[in-house]
Amino acid sequence: MRKMRRLYFLMLAAILLLAAGCSSAPANGGNEQAQNGGGTDEQNGGEATVLKLAHVWPASEIHAQAAEKFAAEVEKLSGGKLKVEIYGDGTLGKDQDLLEGLKVGTADIWVGGAGVLSGSSETAKIFTVPFMIDSQEHFEKVYNGEVGQEIANKIQQESGNKILAYWMRGARWLTVNKEVITPEDLKGLKIRVPDSPVFIKSFERLGAAPTPMAFGEVFTSLQQGVIDGQENPLSLIYNLKFYEIVKYLIKTQHVYEPITIVISEEKFNSLSPELQEALVKAANGEAKQFAAEEVKKGDQEYLQKLQENGMTLVEPDIQAFQAKMQGFVEQEFPALKEVYEKIRNAK
């Protein structure tokens, strides 16, 4: 009898514990929401809101380091109420996957080359128009000014993606296994380009055979001869050790594409005004300054290192390249003409 009574009380205790667990479900749900980056800090029962930031670069890349500084400043400015967890080196997918992931929550913030935004926004195609930006000084006037904000507003309207900040990125150089001085030297060469209509059409116009490819596949493809060359800023060319497999470094500096810090409009609006402010300030704070300083300082250093590692520097006939691109926007992307002219005049 005593055994039966003990069993009865044990069963009753288990039922009460289970009931208590069920009644606490909203609090647990709040914690889960925080881990997934949802809700404000008040909705999460005082727990920190966590946002997942994703990019495709190795830790040695300038903008991967800038992302770390951004995350640290977000936590500092929010008093620990907002935290950013970083998933780098493509661990959550390729750039386009990460950008699309903002809509479904596999990532909350994406940091990457602005041209990727062209998959969901017509206006974003402007970022990679060749020979549109003349220098880093011109870049800063555009993207730190009214024109840059106008572009960001249009992209948000078209895609629902909110640009928190533009970060400086070095100009894109061409690396190939053949000396290239004029556009005619590009004829038939398979050049890896990002999967962007502007990149594809511009390199077709220059006479090359543009080959869209995920960034993570470029080194192996160069090694195996699948492609003849690629184009990127000097920092990536050096940090990804392209000098081991590509001989010529062509100083085209054809595109000054910004790095964008992007969050979905829906996710941004789910945050309290306090956390929104912390996010925007951090995106435009120490990390942005660090990226600009490192790009300006690093370009000369990377150029020297690449030459020391065996790459041959080639000074091409830039005027010949520019002549080949005359009328490109008007003929291929007429919807961009107005913003293109504003960028050209922002000097």
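Residues numbered from 1 in each chain as written. Predicted model: local features only at pLDDT ≥ 70, side-chain atom pairs only at ≥ 80, totals over all residues. Heavy atoms only, no water.

*Asks:* So what's going on with the environment of V111? Residues and values would help.
*Replies:* Within the fold, V111 resides in strand 3 (residues 109-113). In this structure V111 comes out as buried when scored by relative accessible area, which is 1%. Each C-alpha atom of the pair V111 and A64 lies 8.8 Å from the other, and the pair is 47 residues apart in sequence. Discounting chain neighbours no more than four positions away, the residues touching V111 are L53, A54, H55, W57, W167, I259, T260 and I261. (Helix = DSSP H or I, 4+ residues; strand = E, 2+ residues; numbered from the N terminus. Buried < 20%, exposed > 50% of the residue type's maximum accessible area, 1.4 Å probe, protein only. Contact = heavy atoms within 4.5 Å.)

*Asks:* Explain the side chain of E257 to me, using residue names and the numbers behind them.
*Replies:* Within the secondary structure layout, E257 lies in the loop between strand 9 (248-250) and strand 10 (259-264). Given the relative accessible area of 4%, E257 is considered buried. A polar contact of 2.7 Å, which involves the side chain of E257, links it to the backbone nitrogen of G115. Within the structure, E257 has its side chain in polar contact with the side chain of R172 (distance 2.7 Å). Beyond its immediate sequence surroundings of up to four residues, E257 is in contact with G113, A114, G115, V116, F127, T128, F139, R169 and R172. (Polar contact = N/O pair within 3.5 Å; in protein donor to acceptor, adjacent residues only side chain to side chain.)

*Asks:* Before we move on, can you summarise the packing of helix 3 (residues 62-77) against helix 11 (residues 273-283) with the specific residues and values?
*Replies:* Running from amino to carboxyl end, helix 3 crosses helix 11 at an angle of 145°, the nearest separation of the two axes being 9 Å. Between helix 3 and helix 11 lies a crossing whose hand is right-handed. Contacts from F70, E73, V74 and L77 of helix 3 reach helix 11 at A278, L279, K281, A282 and A283. Taken together, the residues that form the contact of helix 3 with helix 11 break down as seven nonpolar, no polar and two charged. (Axes fitted to C-alpha atoms, helices over the stretch in contact; angles between N-to-C directions. Left-handed = near helix turned anticlockwise from the far one by under 90°. Nonpolar A, V, L, I, M, F, W, Y, C, P; charged D, E, K, R; others polar.)

*Asks:* Any details on helix 7 (residues 197-205)? Residues and values, ideally.
*Replies:* Looking only at helix 7, the buried set comprises V198, F199, I200, S202, F203 and R205. Packed against the buried residues of helix 7 are strand 5 (172-176), strand 6 (190-193), strand 7 (209-212), strand 8 (229-233), helix 13 (318-324) and helix 14 (328-332). Positioned one or two residues after helix 7, G207 has a phi angle of 100°, which is positive.

*Asks:* Account for the packing of aromatic side chains, naming residues and giving values.
*Replies:* Enumeration according to the criterion identifies nine aromatic pairs in this entry. Their ring planes at 40° and their centres at 5.5 Å tell us that Y238 and Y302 sit as a pair that is tilted. Residue Y238 is found in helix 9 (residues 234-239), and its partner Y302 is found in helix 12 (residues 286-308); the two are separated by 64 residues along the sequence. On the basis of relative accessibility, which here comes to 12%, the residue Y302 falls in the buried class. Here the guanidinium or amino end of K69 rests over the ring plane of F290, the centre of that ring lying 5.0 Å away. (Phe/Tyr/Trp six-rings, centres within 6.5 Å; stacked < 30°, edge-to-face > 60°. Lys NZ or Arg CZ within 6 Å of the ring centre and 35° of its normal.)

*Asks:* Would you mind going over the sheet that holds strand 5 in detail, with residue names and values included?
*Replies:* The strand order 7-6-8-5-9-11 describes an open sheet built from six strands, whose pairing is mixed. Looking at strand neighbours, the two that pair on one side only are strand 7 and strand 11 (312-314), the edges of this open sheet. Taking each pair of neighbouring strands and ignoring which way they run, the sheet shows an average axis angle of 30°. Across five bridges, strand 5 lies against strand 8 in antiparallel orientation. (Pairing = 2+ DSSP bridges.)

*Asks:* Provide a residue-level description of the pairing of strand 6, including the pertinent values.
*Replies:* In terms of strand pairing, strand 6 meets strand 7 through four bridges, oriented parallel. Looking at the pairing, I191 lines up with P210 of strand 7. The handedness of the strand 6 to strand 7 crossover, carried by helix 7, is right-handed. As paired strands, strand 6 and strand 8 are joined by two bridges and run parallel to one another. Opposite R192, over in strand 8, you have Q230 as the bridge partner. (Right-handed = clockwise from strand over helix to strand, strands pointing away.)

*Asks:* Residues and numbers for the environment of V262, please.
*Replies:* Considering the arrangement of structural elements, one finds V262 in strand 10. Between the alpha carbons of V262 and K162 there is a distance of 5.6 Å; along the sequence they are 100 residues apart.

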